[in-house]
Amino acid sequence: MTALVEARGVTKHFPLRRGKTIHAVDDVSLAIAPREIVGLVGESGSGKSTFGRTLVGLHDKTAGEVFLEGQRLPRRYTTADFRRYARRMQMIFQDPYSSLNPRMTVGEIVGEGLRLGDSRAPSNTRERVGRWLERVGLGRAFASRYPHELSGGQRQRVGIARALILEPTFVVCDEPISALDVSVQAQIVRLLEELKRSLGLTLLFIAHDLSMVRYVSDRMAVMYLGSLVEVGPADDVSFRPLHPYTRMLAASNPEPDPRSERERRTIPIVGEIPSPVNVGAGCRFASRCPEVMDVCRSTTPLLQAVAGEPASRQVACHLYEPEPAAT
Ligand code: SF4
């Protein structure tokens with residue numbers, strides 16, 4: 001199947017003074033099929049938000065390409081590019097409060113994108129805004145309220161309506177549940193799941209909580225220090241993680257189901273994610289990996305299919321033999 005969105009070798013570096021560079025994202029390739037939800041997980045500082053922003057053009061690419069429905073997107077967006085692609089690619093942000101203009105009503109915020117370069121909003125804006133406020137579970141009466149009158153969950157519903165009213169083909173959800181209480185997180189996940197089913201949305205769902213993302217994702221990609229370390233079907237990655245970092249993440253995340261939580265074997269996350277400044281050769285997880293070998297410190301493992309696993313499963317780790325090439 002042709003990918004709806006495809007990143008090929010996407011790299012985003014931020015130069016610092018004295019010749020140093022932050023390697024926020026390095027050579028990441030990921031294809032997302034139409035109507036697929038891919039969960040992108042990793043700790044804070046792993047580069048997942050930078051990758052999501054680079055996909056939708058909020059960051060220039062240092063290297064690599066992004067394709068949307070087979071069309072190559074610009075390396076650096078102009079204002080005209082933002083207008084052209086905003087209808088097709090949208091972003092839902094982590095902090096629903098700081099991403100909403102406090103001086104605008106909910107109705108103005110949700111309808112704002114419909115202008116897209118026109119000085120006047122379409123004549124049916126009020127009706128479309130009302131329909132979307134109902135669709136995200138708020139109701140039309142919310143149109144006259146201001147962001148400070150809303151709870152965190154309600155603000156995130158406004159952010160979702162604002163992104164989806166443009167009927168984009170691809171949406172990056174950048175930690176949309178991280179700032180919310182656990183019970184509200186589950187409501188927002190259920191809403192996104194329902195919208196995905198009814199609208200056929202294609203989503204990249206960024207989060208650090210692997211257990212919550214698994215419910216909404218078809219596949220999961222795990223990112224560590226700017227690189228993907230494991231990709232595969234969501235249940236396989238969650239319940240049978242292969243990469244030592246994924247195993248650590250899976251074991252450290254609380255399970256929403258109390259019975260599973262009681263039976264879970266906990267492995268504490270050891271150490272902190274190292275600095276992304278001037279990252280060298282070798283496995284990036286070597287300084288924290290309980291199974292590190294000599295080869296790990298000198299040779300960078302490639303993300304590839306491994307022997308004995310379906311091709312849909314890819315891991316970047318020297319513990320696994322690569323799948324032999326077909327003859
Ligand atoms: Fe650990 Fe080596 Fe695998 Fe990296 S490549 S995760 S250091 S075993």
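Preceding this paragraph is the structure being described.
1. Examining the overall build of the chain
(1) Moving on: From N to C terminus, the chain includes eleven helices and twelve strands.
(2) Moving on: By the compact-globule yardstick of 20 Å for 327 residues, the chain fits well, its C-alpha radius of gyration being 20 Å.
(3) Moving on: In terms of overall dimensions, the chain has C-alpha extents of about 65 × 50 × 45 Å along its principal axes.
(4) Moving on: When burial is assessed residue by residue, the chain has 51% of its 327 residues classed as buried.
(5) Moving on: Of the contacts formed within the chain by residues at least 6 apart in sequence, a portion of 63% connects residues at least 24 apart.
(6) Moving on: When the accessible surface of the chain is split by element, carbon and sulfur atoms take 49% of a total near 15,800 Å².
(7) Moving on: Averaging the positions of the 43 positive and the 37 negative side-chain charges in the chain gives two centres separated by 6 Å.

2. Comments concerning the pattern of salt bridges
(1) Moving on: What the rule picks out here adds up to 17 salt bridges.
(2) Moving on: Measuring nitrogen to oxygen at the nearest pair gives 2.8 Å for the salt bridge that ties Arg 313 to Glu 230. Of this pair, Arg 313 sits in the loop between strand S11 (304-305) and strand S12 (314-315) while Glu 230 is found in strand S10 (residues 227-233), placing the two residues 83 residues apart along the sequence. You'll find Arg 313 and Glu 230 in the same group, each marked buried.
(3) Moving on: Through salt bridges with shared partners, one network takes in Glu 127, Arg 131, Glu 134 and Arg 140.

3. Let's talk about the site of the ligand
(1) Moving on: Lining the immediate surroundings of the ligand are 13 residues, of which Cys 283, Cys 289, Cys 296, Cys 317 and His 318 lie closest.
(2) Moving on: The cavity where the ligand resides is the largest cavity.
(3) Moving on: Residues belonging to the shell around the ligand are distributed by class as follows: ten nonpolar, two polar and one charged.

4. Quick notes on helix H1 (residues 48-55)
(1) Moving on: Of all eight residues making up H1, six are buried, and the element is well covered by its neighbours.
(2) Moving on: Directly beyond the C-terminal end of H1, a positive phi value near 90° is found at Gly 57.

5. A word on unusual backbone geometry
(1) Moving on: Unusually for a residue other than glycine, Arg 18 sits at a positive phi of about 60°.
(2) Moving on: Inspection of the secondary structure assignment puts Arg 18 in the loop between strand S1 (5-15) and strand S2 (21-32).

6. Some remarks on empty space enclosed by the protein
(1) Moving on: For the coordinates displayed, the defined rule picks out one cavity of 30 Å³ or more.
(2) Moving on: Along the wall of the largest cavity there are 14 residues; nearest its centre are Cys 283, Cys 289, Cys 296, Cys 317 and His 318.
(3) Moving on: Looking at side-chain class alone, the lining of the largest cavity contains eleven nonpolar, two polar and one charged residues.

Calculation rules
- Residues numbered from 1 in each chain as written.
- Predicted model: local features only at pLDDT ≥ 70, side-chain atom pairs only at ≥ 80, totals over all residues.
- Heavy atoms only, no water.
- Helix = DSSP H or I, 4+ residues; strand = E, 2+ residues; numbered from the N terminus.
- Rg over C-alpha atoms; globule rule 2.2 N^0.38 Å.
- Buried < 20%, exposed > 50% of the residue type's maximum accessible area, 1.4 Å probe, protein only.
- Contact = heavy atoms within 4.5 Å.
- Areas by Shrake-Rupley, 256 points an atom, 1.4 Å probe, with all protein chains shown as cover.
- Lys, Arg positive; Asp, Glu negative; His and termini not counted.
- Charge placed at Lys NZ, Arg CZ, Asp CG, Glu CD.
- Salt bridge = Lys/Arg side-chain N within 4 Å of Asp/Glu carboxyl O.
- Near = heavy atom within 4 Å.
- 1 Å grid on protein atoms, 1.4 Å probe; cavity = no way out; pocket = protein on both sides within 12 Å on 5 of 7 lines; lining within 4 Å.
- Sits in = over half its atoms within 2 Å of the grid points.
- Nonpolar A, V, L, I, M, F, W, Y, C, P; charged D, E, K, R; others polar.
- Points joined across faces, edges and corners; volume = space filled by probe spheres on them.

None of the figures reported here should be taken as evidence of function without further support.
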